[in-house]
Protein chains: 2
Amino acid sequence: MARRGEANNRLDDAARAGWLYYVAGRTQDEIATVMGISRQSAQRLVSLAMSERLIKVRLDHPIAACLEAAAGLRDRYGLKHVEVVPSDPGSTSTTVGIAEAGAAEIERWLKSPEPQVLAIGTGRTLKAAVDQLPTMECPQHRIVSLTGNIGLDGSAAYYNVIFSMADAVKARHFPMPLPVLAASAEEREVLHSQSLVQVALKLGAEANVAFVGVGELGPDAPLCQDGFLAQDEMADLTRAGAAGEICGWMFDHDGALLSGSFNERVASVPLPSRDKASVIGLAKGRRKYEALRAAVKGGIINGLITDEATASHLLNA
Amino acid sequence: MARRGEANNRLDDAARAGWLYYVAGRTQDEIATVMGISRQSAQRLVSLAMSERLIKVRLDHPIAACLEAAAGLRDRYGLKHVEVVPSDPGSTSTTVGIAEAGAAEIERWLKSPEPQVLAIGTGRTLKAAVDQLPTMECPQHRIVSLTGNIGLDGSAAYYNVIFSMADAVKARHFPMPLPVLAASAEEREVLHSQSLVQVALKLGAEANVAFVGVGELGPDAPLCQDGFLAQDEMADLTRAGAAGEICGWMFDHDGALLSGSFNERVASVPLPSRDKASVIGLAKGRRKYEALRAAVKGGIINGLITDEATASHLLNA
DNA sequence: ACAGGAAGTGAGTAATTGCTCATGAGCAAG
DNA sequence: CTTGCTCATGAGCAATTACTCACTTCCTGT
């Protein structure tokens, strides 16, 4: 077996070993025998299969506590879709759990035989979710990016979610060849008049569902870390009452979009209508509490994937 | 935590433990601490989550389909050994993939330090597999041909697998200096009484493993093309319900050896006992579907090396 | 051709996990 | 109240898995 192309051989073997281990339940010793390698090598392949994310694990059980929290959030904030995953108290990761749950929900949409327009924001959480997606053939769907992927310095942003998604999901995808923020409202109009951007804007308005990250503000905000926003601008925004941002759109503590000049410079696609589409936020963690609370309170998002601890904070707020 | 409804509590806990273990990657000790139970209980919950299928594991790699098909075939037809290689939709070859996989399996047997008796059939597929073998020193093994290599006209048959094998593998090899088919049952007895043939017959009965091709019937059957069988005889056989042949032995659509006079004229070594030995068929392709299905159904072979498309046909049949 | 480096390997060992067993709690029937 | 049953539990131990280290192989760039 497996003596063809050379490059993928190791991953193929890893896949085979991983399958035998996780799906077929064989021991690594057996796998080593079957594949004619040493036990240690078998172990390495199994662990490679895991670290290369060839093996996807998912929990298929509505945990009561999470279900209750989800139901509570749905009622309290009038959300369409809520998913709460168990908290991992020992972990400082801001994505573990959310990423898997987010991927599962994205996958659910992608499995629809009806053509769908999926809108995708950006950010670390969303990137982690998209990285969990299996490869799928979805020629019937279209996927549009809600935010530009160009940094202040003209380079492509790192958390370039739509391209990662295109790698896994075979569907037409529409990136936004723009910076997140234009220099002025006028410049934004010019940028938006480009035909490529027009397509994205039109698709964004038609989207059936949007998956977005929720950004907190402050000196350590993701927008600053990634170089989209300078510290002094950030300070101005928080002084003006900004509590968080989604795709660059700033909102205050009640979840109302900021009326100042800043949002007129945001070059992102407007969020799809909350009446017609699902706008699902993915976020968890202490630092996001304020931004999340504002977003659900003001109906910036009408769907939420978060963890138990964050959910309970939102319920007690 | 987790102390609400009573009935599902255990499964909920199992789900939570399973999530922490498989998704979050914590150890069972950590889970025990977090959930306030003993390590053993944590282990039980994790294992419960698995056995209750709360945790779904899946392999995201093209090889996944092959491994699943192989497992499916093994269960469905009670086969000892199944290998499924990816189909190459662009190729019309009846051997690509199979040959490499077959060679790897033969090699695995040859690497055994214990003396083995390997039996080899004939045919294009097997020839291609044997051509993939590296040169090996295997003085401990013996290799016996299951079928004669003499055509109707007295010439040596082209697909003379055992001699090709002897070129690569240094082991004692025992050809069958016979035609595939005797003129009558009596002639077969005479032929079989030759001492050289006796040796082959004896070895065939002792074989630890046999590798055989699977022949389809009909006007274009390999047996006809190679001049072992005339067209009118072939027509008689299909009328009598023959579905395929292995080493000349004809079997019907249920995989039962044909009882008519034809099989009494087949001069091949009888196939080794399916109870004691592995009889591994190598075949793929649309034209072999019927013959293969009959062979696995009736237990003519208990091992199979094929491709994905053929495997899925056998599973859907 | 050869030094340097990345990647793979097997051995050995520590850590983790799986299994069996003896025990005791909870409960229904007698 | 006792008996007999099921089921969960923790202990102890065996099996399995993960990791480290020293060594080899195979490139790569002089």
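Scroll up a little and you will see the structure.
Each residue is numbered by its place in its chain's sequence as written, counting from 1. Lettering of chains starts at A and numbering of ligands starts at 1, both following the order in which they are written. Since the coordinates come from a predicted model, pLDDT governs what is reported: local features require at least 70, and pairs of side-chain atoms require 80 or more to be given and counted, while whole-chain, interface and lining totals use all residues. Each side-chain value is derived from all of the structure's non-hydrogen atoms; neither hydrogens nor water enter the calculation.

A. Structural detail: the protein's contact with DNA strand C. Near DNA strand C, the surroundings consist of Arg-10, Ser-38, Arg-39, Gln-40, Ser-41 and Arg-44 of chain A together with Tyr-21, Thr-27, Gln-28, Arg-39, Gln-43 and Arg-44 of chain B. We call a residue near a molecule or strand when any one of its heavy atoms sits within 4 Å of it. Counting only atoms of DNA strand C within 4 Å of the protein, the sugar-phosphate share comes to 43%. Two N or O atoms form a polar contact when they lie within 3.5 Å of each other; inside protein one atom must be a possible hydrogen donor and the other a possible acceptor, and for residues adjacent in sequence the pair counts only when both atoms belong to side chains. Gln-40 of chain A is positioned with one of its side-chain polar atoms (N or O) 2.4 Å from a base nitrogen of DNA strand C. Between DNA strand C and the protein, one listed contact pairs a phosphate oxygen with a side-chain N or O atom of Ser-41 of chain A at 3.2 Å. Going through the elements one at a time, α3 (39-51) of chain A together with α3 (39-51) of chain B are the ones with two or more residues in the surface near DNA strand C. For helices the rule is a DSSP run of H or I covering at least 4 residues; for strands it is a run of E covering at least 2, with both sets numbered from the N terminus onward.

B. Molecular detail of the nonpolar core. We define the nonpolar core as a collection of buried residues of types Ala, Val, Leu, Ile, Met, Phe, Trp, Tyr and Cys that are connected through side-chain atoms lying within 4.5 Å of one another. Any residue under 20% of the maximum accessible area for its type is buried, any over 50% is exposed, and the rest in between are partly exposed; the area is computed with a 1.4 Å probe on protein chains only. Ile-246, Met-250 and Ile-301 of chain A are the most contacted members of the largest nonpolar core, which totals 101 residues. Should any heavy atoms of two residues lie within 4.5 Å, those residues are considered in contact. Other than its neighbours up to four places away in sequence, Ile-246 of chain A contacts Val-212, Gly-213, Val-214, Phe-251, Leu-271, Ala-295, Ile-300 and Ile-301 of chain A.

C. Up close: the sheet that holds strand β11 (residues 303-307) of chain A. Residues and elements named next belong to chain A. At least two DSSP bridges between two strands are needed for those strands to be called paired. Here we have seven strands laid out as an open sheet, ordered β2-β11-β10-β6-β3-β4-β5, and parallel in their pairing. Looking at the sheet topology across the chains shown, the edges are occupied by β2 (81-85) and β5 (169-174). Each neighbouring strand pair of the sheet contributes to a mean axis angle of 20 degrees, computed without reference to strand direction. In this sheet, β11 lies alongside strand β10 (residues 278-282) in parallel orientation, the contact comprising three bridges. Across the sheet, residue Ile-280 finds its bridge partner in β11, namely Gly-303. To get an axis, fit a line to the C-alpha atoms, keeping to the stretch in contact for a helix; angles then go from 0 to 180 degrees between the N-to-C directions. Each of β2 and β11 touches helix α14 (residues 308-316); the most contacted strand, β11, lies at about 120 degrees to it.

D. How the structure looks around the protein's contact with DNA strand D. In the region of DNA strand D, the neighbouring residues are Tyr-21, Thr-27, Gln-28, Arg-39, Gln-43 and Arg-44 of chain A together with Arg-10, Ser-38, Arg-39, Gln-40, Ser-41 and Arg-44 of chain B. In this structure, Gln-40 of chain B approaches DNA strand D through a side-chain N or O atom, which is 2.5 Å from a base nitrogen. Note that a phosphate oxygen of DNA strand D is positioned 3.1 Å from one of the side-chain N or O atoms of Ser-41 of chain B. Mapped onto the surface near DNA strand D, the elements with two or more residues apiece are α3 of chain A together with α3 of chain B. Ranked by residue count, the leading element in the surface near DNA strand D is α3 of chain B, at four residues. Gly is placed with the polar residues, together with every amino acid not listed as nonpolar (Ala, Val, Leu, Ile, Met, Phe, Trp, Tyr, Cys and Pro) or charged (Asp, Glu, Lys and Arg). Of the residues that constitute the surface near DNA strand D, the class distribution is one nonpolar, six polar and five charged.

E. Geometry of the pairing of strand β8 (residues 249-252) of chain B. All names here are of chain B. The sheet contact formed by strand β7 (residues 242-246) and β8 spans four bridges and is antiparallel. Across the sheet, the residue bridging to Ala-242 is Asp-252, located in β8. Two successive antiparallel strands, β7 and β8, enclose a turn made up of two residues, where Cys-247 displays a positive phi of approximately 55 degrees.

F. Seen up close, the interface of chain B and chain A. At the junction of the two partners, chain B supplies 35 residues and chain A supplies 38 residues. Any Lys or Arg side-chain nitrogen found within 4 Å of a carboxyl oxygen on Asp or Glu counts as a salt bridge. Joining chain B to chain A, the criterion identifies two salt bridges. The salt bridge involving Glu-308 of chain A is made with Arg-16 of chain B; its shortest N-O contact spans 3.3 Å. Applying the counting criterion to the chain B and chain A interface returns three residue pairs in polar contact (both at pLDDT 80 or more). Within the residue set of the side of chain B that touches chain A, elements represented by two or more residues are α1 (9-23), β1 (55-59), α4 (63-77), β2 (81-85) and α5 (98-110) of chain B.

G. Seen up close, the packing of aromatic side chains. Residues and elements named next belong to chain A. Think of it this way: a Phe, Tyr or Trp ring, Trp meaning its six-membered ring, pairs with another when their centres are within 6.5 Å, and the plane angle makes it stacked under 30 degrees, edge-to-face over 60, tilted otherwise. As enumerated under the stated definition, the model contains two aromatic pairs over all chains in all. Ring geometry for Tyr-21 versus Tyr-22: centroids 4.9 Å apart, planes at 85 degrees, classification edge-to-face. Note on Tyr-21: relative accessible area 30%, which makes it partly exposed.

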